[in-house]
Each structure stands twice: as structure tokens, then as C-alpha cells.
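A closer look at the structure
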Amino acid sequence: MTAEIGSDACFTNRIDPGVDELVVNVGPSHPSTHGVCRVIVHLDGEVVTKAEPVIGYLHRGIEKMAENRTYLQVVPLTDRLDYVGSMYANWAYCRAVERLAGIQVPERAEYLRVIVCEMQRIASHMMSLGSAAADTGAATMFIYAFDQRERVIEAFEELCGARLTYNYVRPGGVSFEIPEGWTERVLQFCRDHREGLEQMDRLFFGNVIAKDRMKHIGVLSPEDAVAWGASGPVARGSGVNWDMRKHDPYSVYPRFDFDVPTGSNGDCYDRARVRLFECYESCRIIEQAISQMHPGPIRTPGLPRLLAPRPGDAYDHIESARGALGVYLVSDGSVRPYRMKVRSPAFCNLALLPLLAEGHMLSDLVVILGSLDPVFGEVDR
Amino acid sequence: MALIDRLGETLDKGQGSGIILSTVDSLLDWARGKSLWAMPMGTACCAMELIAASFNKFDFDRHGTFPRPDPRHTDVMIVAGTITKKMAPAVKQLYEQMADPKWVIAMGNCAVSGGIFYYDTYSVVRGVDEFLPVDVYIAGCPPRPESLQDAVFRLRERIATESIAPDRRREAVLTLPGSADISFGVRPGDHGADEQGGAR
């Protein structure tokens, strides 16, 4: 733990007479903050009385940079937003551009986008589950989860040549046609993945230590989840049945039969378990998408390389692995966006940390932070 | 370290002490090069590849490199990811907390030069070498885990040139992938060359 004793923040809230309050600084480089989050924790003994996240350690100015790039050149920047799930930011941005410029996307491209995004959801949730388990001390689970994640990444590498920053979804379609035999390998992965999930479920979620560490920790009520703008597995863990794919359907999602898993207690255990069940649903969607997909063009034909949409604005959002990821674009008629704004689910979910951590032990703070699954590229942008 | 430093200085002045020095150097460089504990300074996307490198498929541990998020325990800082102006003081502080001898690997384009964030942004440090002495640079956005392993081998080659005597730093051996080693000057030994062949 890197304690910055003597920094300003340590002394903002001085000690009340008669109360032994200790101010501990966690981060910005701490293995369990899932990135470069800094949390100023006020402790009474070992109990957190106040936790204050400090963000901005990874603020790279992506939104500002987008104003100096053409519409196509912004796509690689969106890769670096949510680097655990790059496909989502690609897609959300491309949807906003397509809405702004009135581009119709071919059906096969939509199916390919759905397939890669559902695989990305698996990869992202595996990272989240693994690190959530590692936070509670179960490092073995991380190995099993990473095994599954690596298989998805291998498939992506085969598809577009990159392991992490794919740049796959482009305005008007996708960049590459799938290689030969890829769908069979993906289907095989879906079958193996279900077994892997069952194994992880038995290994970790059935474990009494995991239950002790995660049940009734960081309880988020459904009312608070809605009031604070939480989305994704964080909101669904509290029993809020809200999934963009189902309740504000986009792309070809209405054609698929899938369920939205929700939790009931709103604690860390439910949030993590919702992620596990979402992986099953993702497998179902991938299988249906592959069976429904027909050959065809993967890009809108005749699309100019330099897009110059008419002046106006557009907002579009998708369900990312972390929640509702939206991109708002303003065009002034030139070839570059006038303004790009990213509505980041990780940022909104991280805002819940002070609410959830209060009254818990310091060691539970990292579990709560892990269960919110923030990615700081997206929080700080 | 102070004692060993002084030992080297004293020995270097004596006649015929080269055999002692080179033996001690080989031993020390072998020990240092083969158990490089890494301080994972992962800030952004490259941190994912850093994690991937240390997990089951790539398994960094077999090279003696073990991620240990504590500056006091580590020999090499792997700066993986964009360093912003807000983050830079923390990175510098952590580097200063590391015990000597210490090395730095700049992993990924952001840590090398700012990468994709070199132009048009106001908050990114253009390369970690602006405030840290970098030993090995890895290009890529992000680099593959294999590149990181290769960087550790390169760092071993560099460590193999170090000497405890102040004026006896040996010259580096340049290993080109897939070809015979090209050595400039005295070849200090075969550190790392055997595993490198095995890994390919």
C-alpha cells in the first residue's frame, strides 16, 4: 500500500476530539484498485467511515483528441477507452456516427458485431470474476478465468490481428470478414466455456470462504441503483431488470432468445454471480447469431473515407459489459467531430463506492471496488 | 551494495585482480538476471498484457520474473501503460522506493513515447524516459506478452555487462532473433542465450 502521508487530502478532514480516526491513502498504484484509482479511506479502527475515490490518474483527453481526428481516425481511440472490452466502445461510437450520418449497416455486419461483442462480454466478465476472486484471496479462480479469456482473445486475434485493441467495428460495418473455420471454433468455445463456467461456479461461488467474504458486503438497494445511475451487472445484481439489449433493443438483438439474469440481494456476491450467468446468456446469443447469419456484404458499399455528416448531434448507447455505454457526437458539417462525449458506465458505477463501502471493513473495500468492476481508461477517459 | 562497490574499486586497483572481478561479476550478474522480480506499474491497456504474461498461457514465472506489487521487493519496474502528468509523481516516487540495483522496462508505445497520445492531448507524459532511466523499450500498442518476455532477456543481456568495479562495464552482446549472436568486444558469457533459443 502506497501511503502518501503529508499529501493535502490526508488532512482535509481532521480528527474529531474523542474519535480515533485514521486516514489511509490507497493507491494510485495498488494491486487491488484495478487500475489507477486512488481511494482516501477514513477509518475508525478497521471500519471504513468514509471512502473517497480520487480519479483522473489516467485522464488522457480522448474526448478532446477526437475533435482533431476524422470520424474514421477516432475508432482506434475508442479502443483505448475500455481496454478490457474494446469492442463495445468501437460499436457505441460507430452507432453514433451511423446515426449522425444516416448510414445503413448490412445485416451480416450487425451479426458479426453482436458475435464479437458477446465474446467480448465473456472476456471482460472473466477478467472481472477473476480479479474479484483474487481480491478475496482465491487466486486459483483467476487462473481458470484467464484460461477462458485467453481463448476469446485468441479468436479475436485470428479475426482482426490484435489481442487487445481490435479496431474491428468501423462506421458502416466491420473491418474484416471472418476467417475460414472461425465460426466452428467459436461454437466449440461456447460449448467448452459452459463447462468452464460450471467449474468456476463450483470452485468459487460454492466456496464457503467466498460466500463469507462477498455475501452481505456492499449492499446496494434497487432504489439507490436507479437513483445513482448504475447500470449493467451492478444494477442487475440489485434486482433492477434493466438491460439495453432487452429493454431498449438495438441492432439485431430482438431476434435472439435470451434471459437477463438479475440478483436479489445487491451484494458483491450477487453482482459477481450475475456476471457469471451473463456469460451463459452470451453463449446462447453467439450460437443463435451464428446459426442466423447469412453471407453478404460486411460494409456499406460506397461509403466515403472522409465522412462529413450534416450539422447536428446524435447519441446512441449499447449495453457494454459494465453497463450503458453511450456516445454523444456533435457535427458542425466538417470531417471531424465538433464534440464527442462518452457516457461511461464505469464512471457512474464507481460513484457508488462511498455509499457501498461505508460501515465495512477495510479489507472489504477492495472486494466492493472489484465488484463494481471499474476500468479506468473509461472512468477517466 | 556499498560494501561490494568499495570491494570492486579496491580490487580494480590491484594487479591481476581481473580473474577475481570477472568471476564475481559473472556470479552477481547471473543471480540478478535470473530472478528479476517485477514491479508491475500497470496503468492502462498494457497492464492487461502484463497480467496475461504472468498467467497460465505465457507463464512468466518460468523465467524467474514474478510480479510483486511492492517497490521494496522488486528489481525491475515494468511501466505498462500511459503515464499522465497526474500519475507521473507517483511513478517516480515508487521508482525511488525501489532498492538498488534497479532497472526499468518501458512497455508499449505510451510508455516509450506517448504513442497514440503523443499529439493533441494535454495530459500525457511523452514517454516515461522523461523522468525515469529506461533500460529496455518495447514497442507495440499493446505489445504481445512474448515481447515482454523478450524484453526480460534483453535486460539480462544488459545486466550481464555490468560490473562491480566502476570502470569495468563490459560491452553488450547484441542478439539478433533467428541468427547467430553478434558480439562486440569481449563476450561476457551465455546468460540468457540458452533459454532464448528454447523459447523460440
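Note that this is a predicted model, so its numbers are computed, not measured. (Residues numbered from 1 in each chain as written. Chains lettered and ligands numbered in written order. Predicted model: local features only at pLDDT ≥ 70, side-chain atom pairs only at ≥ 80, totals over all residues. Heavy atoms only, no water.)

1. What about empty space enclosed by the protein?
Enumeration over the complete set of coordinates arrives at four cavities of 30 Å³ or more. Roughly 50 Å³ of volume is contained in the second largest cavity. Grouping the amino acids of the lining of the second largest cavity by side-chain chemistry returns seven nonpolar, three polar and two charged. (1 Å grid on protein atoms, 1.4 Å probe; cavity = no way out; pocket = protein on both sides within 12 Å on 5 of 7 lines; lining within 4 Å. Points joined across faces, edges and corners; volume = space filled by probe spheres on them. Nonpolar A, V, L, I, M, F, W, Y, C, P; charged D, E, K, R; others polar.)

2. Description of the sheet that holds strand E5 (residues 136-138) of chain B
Residues and elements named next belong to chain B. Judged by pairing direction, the sheet is parallel, and its five strands sit side by side in the order E2-E1-E3-E4-E5 without closing on themselves. Strands with a single pairing partner mark the edges of an open sheet, and in this sheet they are strand E2 (66-67) and E5. As judged from the two bridges shared by strand E1 (residues 37-42) and E2, these two strands associate in the parallel manner. When the bridges of E2 are listed, Trp 37 appears paired with Phe 66. Together, E1, E2, strand E3 (76-80) and strand E4 (103-107) form the strand contacts of helix H3 (residues 46-54), whose direction differs from that of E3 by roughly 130 degrees. (Pairing = 2+ DSSP bridges. Helix = DSSP H or I, 4+ residues; strand = E, 2+ residues; numbered from the N terminus. Contact = heavy atoms within 4.5 Å. Axes fitted to C-alpha atoms, helices over the stretch in contact; angles between N-to-C directions.)

3. Let's talk about a nonpolar patch on the surface
All names here are of chain A. A cluster of nonpolar side chains, contributed by Ile 143, Tyr 144 and Leu 203, occupies part of the molecular surface with about 230 Å² of accessible area. The topology assignment puts Tyr 144 in helix H5 (residues 139-160). Residue Tyr 144 is classed as partly exposed on the basis of its relative accessible area of 34%. (Patch = residues over 30% accessible without salt bridge, like charges linked within 9 Å, V, L, I, M, F, W, Y side chains within 5 Å. Areas by Shrake-Rupley, 256 points an atom, 1.4 Å probe, with all protein chains shown as cover. Salt bridge = Lys/Arg side-chain N within 4 Å of Asp/Glu carboxyl O. Buried < 20%, exposed > 50% of the residue type's maximum accessible area, 1.4 Å probe, protein only.)

4. A short note on the interface of chain A and chain B
Taken together, the contacts link 36 residues of chain A with 34 residues of chain B. Of the roughly 3100 Å² buried between chain A and chain B, counting both surfaces, carbon and sulfur atoms make up 64%. If you sort the residues of chain A by the area they bury against chain B, Tyr 57, Arg 60 and Arg 163 of chain A come out on top, with a joint share of 19%. Counting the contacts that link chain A with chain B gives five salt bridges. Taking the shortest distance from any N to any O, the salt bridge between Glu 150 of chain A and Lys 57 of chain B comes out at 3.9 Å. For the pair chain A and chain B, the interface holds 13 residue pairs in polar contact (both at pLDDT 80 or more). The set of elements that each furnish at least two residues to the side of chain A that touches chain B consists of helix H1 (62-66), helix H2 (74-79) and H5 of chain A. The greatest single-element share of the side of chain A that touches chain B, amounting to eight residues, is contributed by H5 of chain A. Of the residues contributing to the side of chain A that touches chain B, the split by class is 18 nonpolar, seven polar and 11 charged. (Buried area = accessible area lost by both parts, 1.4 Å probe. Polar contact = N/O pair within 3.5 Å; in protein donor to acceptor, adjacent residues only side chain to side chain.)

5. A few points about the packing of aromatic side chains
Scanning the entire structure with this criterion turns up 15 aromatic pairs over all chains. Ring centres of Phe 204 of chain A and Phe 205 of chain A lie 5.1 Å apart, and the angle between their planes is 80 degrees; this geometry places the pair in the edge-to-face category. Taken as a pair, Phe 204 of chain A and Phe 205 of chain A share a single burial class, namely buried. Both rings, one in Tyr 253 of chain A and one in Phe 256 of chain A, keep their centres 6.1 Å apart while their planes meet at 80 degrees; by these two values the pair is edge-to-face. Across the pair, Phe 256 of chain A and Tyr 253 of chain A agree in class, each one buried. One aromatic cluster is present, built from ring pairs that chain together Trp 91, Tyr 111, Tyr 250, Tyr 253, Phe 256 and Phe 258 of chain A. Arg 381 of chain A extends its terminal NZ or CZ atom over the ring of Phe 347 of chain A, reaching a point 5.9 Å from the ring centre. Against the face of Tyr 118 of chain B rests Arg 126 of chain B, its NZ or CZ located 4.6 Å from the ring centre. (Phe/Tyr/Trp six-rings, centres within 6.5 Å; stacked < 30°, edge-to-face > 60°. Lys NZ or Arg CZ within 6 Å of the ring centre and 35° of its normal.)

6. Regarding the packing of helix H3 (residues 86-101) of chain A against helix H4 (residues 107-135) of chain A
Residue and element names in this part refer to chain A. Running from amino to carboxyl end, H3 crosses H4 at an angle of 145 degrees, the nearest separation of the two axes being 8 Å. In this structure, H3 crosses over H4, and the sense of that crossing is left-handed. When H3 is examined against H4, the residues Ser 86, Met 87, Tyr 88, Trp 91, Cys 94, Arg 95 and Glu 98 are found in contact with a partner set consisting of Glu 110, Arg 113, Val 114, Val 116, Cys 117, Gln 120 and Arg 121. The residue makeup of the contact of H3 with H4, split by class, is seven nonpolar, two polar and five charged. (Left-handed = near helix turned anticlockwise from the far one by under 90°.)

7. Things to note about the side chain of Thr 183 of chain A
Residue position: Thr 183 of chain A is located in helix H6 (residues 182-205). In contact with Thr 183 of chain A, other than residues within four places in its own chain, are Ile 178, Ile 290 and Met 293 of chain A.

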